[in-house]
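The primary structure of each chain is shown beneath.
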Amino acid sequence: MEYPPLEQLRESVMGDVITMDDLTNEEIIKLLDNARKMLPVAKGDIHLPLLQGKVLANMFFENSTRTRMSFETAMKRLGGEVLNFTSAGSSVSKGETLFDTMQMIDGYADVAVIRHPRQGAAQYSADAVSIPILNAGDGAGNHPTQTLLDLFTIREAHGEFKDLNVVLVGDLRYGRTAHSLSNALARFGVNLTLVSPESLKMPDEIVSDLKSLGGIVNETDQLYEQIKDSDVIYMTRIQKERFPDEDEYSKVSEIYTLTESDLIGSKENMIIMHPLPRVNEIHPSVDSTKHAMYFEQAFNGIPTRMALLCKSLGIDISKEVL
Ligand code: CP
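Residues numbered from 1 in each chain as written. Predicted model: local features only at pLDDT ≥ 70, side-chain atom pairs only at ≥ 80, totals over all residues. Heavy atoms only, no water.

### Focus on the layout of surface pockets
Over the atoms rolls a probe the size of a water molecule, and its path tells where empty space is left.
Okay, so step 1: Of the volumes computed, that of the largest pocket is approximately 390 Å³.
Okay, so step 2: Those elements giving two or more residues to the lining of the largest pocket turn out to be α3 (66–77) and α7 (176–187).
Okay, so step 3: Tallied by class, the residues present in the lining of the largest pocket amount to three nonpolar, eleven polar and seven charged.
Okay, so step 4: In this structure, the second largest pocket occupies an estimated 330 Å³ of space.
Okay, so step 5: Lining the second largest pocket are 18 residues, with Gly141, Asn142, His179, Ile206 and Asp209 sitting closest to its centre. (1 Å grid on protein atoms, 1.4 Å probe; cavity = no way out; pocket = protein on both sides within 12 Å on 5 of 7 lines; lining within 4 Å. Points joined across faces, edges and corners; volume = space filled by probe spheres on them. Helix = DSSP H or I, 4+ residues; strand = E, 2+ residues; numbered from the N terminus. Nonpolar A, V, L, I, M, F, W, Y, C, P; charged D, E, K, R; others polar.)

Here you go:
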């Protein structure tokens, strides 16, 4: 297959993506359109080495399965190379600072993805280096690249965002996926219902931001009465690792669990999402229902991250590359 010369595909390089505020609504829609174009490449049906010669640094100071591997698959399927850094086994154990570690990566790679347990670490890294930084989760802060794949999944299922009833469930206090996703959904005119126990409510400042973005936001601790009117139910894990006290975690660890029988009476096209990993939130009996979307959602990390990597590296795939 013939590809257009890369010179014809150059576009202005996107900067860092630390929170969803780093992307306009127009940029988000363009990334989602581009991700759709990337689906055959993501599946390996078409070979498209647009990122040949480029290097991605995967900087994981906290565990990951999906985010790290889908970025790696995205980069490799586009012909690029990947450096995988995990803090275990690195010179972090000798006392090397985040600043110094990122200085090395600035020279070794063209773009870096970073996950770190400390909120603000992605912005700190972005300030320390010149290459684009993509935040793959900073403590209980944000996870914007997860939001892109979540938005892609919702749009592919429902066609548009406006007036959808989306229910975010679980740990909305510490859950960074919920923080980033709620921001984007409010901007796209979704009706948001936030379901959590009192101790894990969405932080007041985020709820206030959602309202100022024009979001219609309801808060409750009741899940099951939301199901019949929902278009999307987005379950989240209780973030055990962020609790200062194990007893407090135990009180809420199994508070919401969806089973197949809970879905009786739900809308035909309602989808159940989860950023994964799940613990107790979705019973395996749900997996074989038409509503289960979480594994497809995880796959969608590949085409959306392909679109994001191309944009970060200055390759415009909205042009006729396929
Ligand atoms: N959704 C998500 O961030 O999964 P990982 O923690 O496995 O990367």
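Structure shown, so let's carry the discussion forward.
### Section: the sheet that holds strand β3 (residues 111–116)
Okay, so step 1: Spatially, β2-β1-β3-β4 is the arrangement adopted by the four strands of the open sheet, whose pairing is parallel. Two strands in the sheet have a free side with no partner beyond their single neighbour: β2 (81–86) and β4 (133–138). Shown here is a sheet whose adjacent strand axes are inclined to one another by a mean of 15°, direction ignored.
Okay, so step 2: Here β3 pairs with β4 via four bridges, running parallel. (Pairing = 2+ DSSP bridges. Axes fitted to C-alpha atoms, helices over the stretch in contact; angles between N-to-C directions.)

### Notes on the packing of helix α1 (residues 25–37) against helix α6 (residues 144–158)
Axis angle and axis distance: for two packed helices, these are the angle between their axes and the distance between the axes, and together they describe the pair.
Okay, so step 1: One can describe the packing of α1 onto α6 by two numbers: an axis separation of 10 Å at closest approach and a directional angle of 70°. In terms of their interaxial angle, α1 and α6 are classed as roughly perpendicular. Here Ile28, Ile29, Leu31, Leu32, Asp33, Ala35 and Arg36 of α1 come into contact with α6, specifically with Leu148, Leu151, Phe152, Arg155 and Glu156.
Okay, so step 2: Partitioned by chemical class, the residues of the contact of α1 with α6 number eight nonpolar, no polar and four charged. (Parallel < 35°, antiparallel > 145°, perpendicular 65-115°, else oblique. Contact = heavy atoms within 4.5 Å.)

### Quick look at helix α11 (residues 301–312)
Okay, so step 1: Along its twelve residues, α11 runs 16 Å from first to last C-alpha, staying within 8% of the 16 Å computed at 1.5 Å per residue.
Okay, so step 2: Burial runs high along α11: twelve of the twelve residues are buried.
Okay, so step 3: Just downstream of α11 lies Gly314, where phi reads positive at about 80°. (Expected span 1.5 Å × (residues − 1). Buried < 20%, exposed > 50% of the residue type's maximum accessible area, 1.4 Å probe, protein only.)

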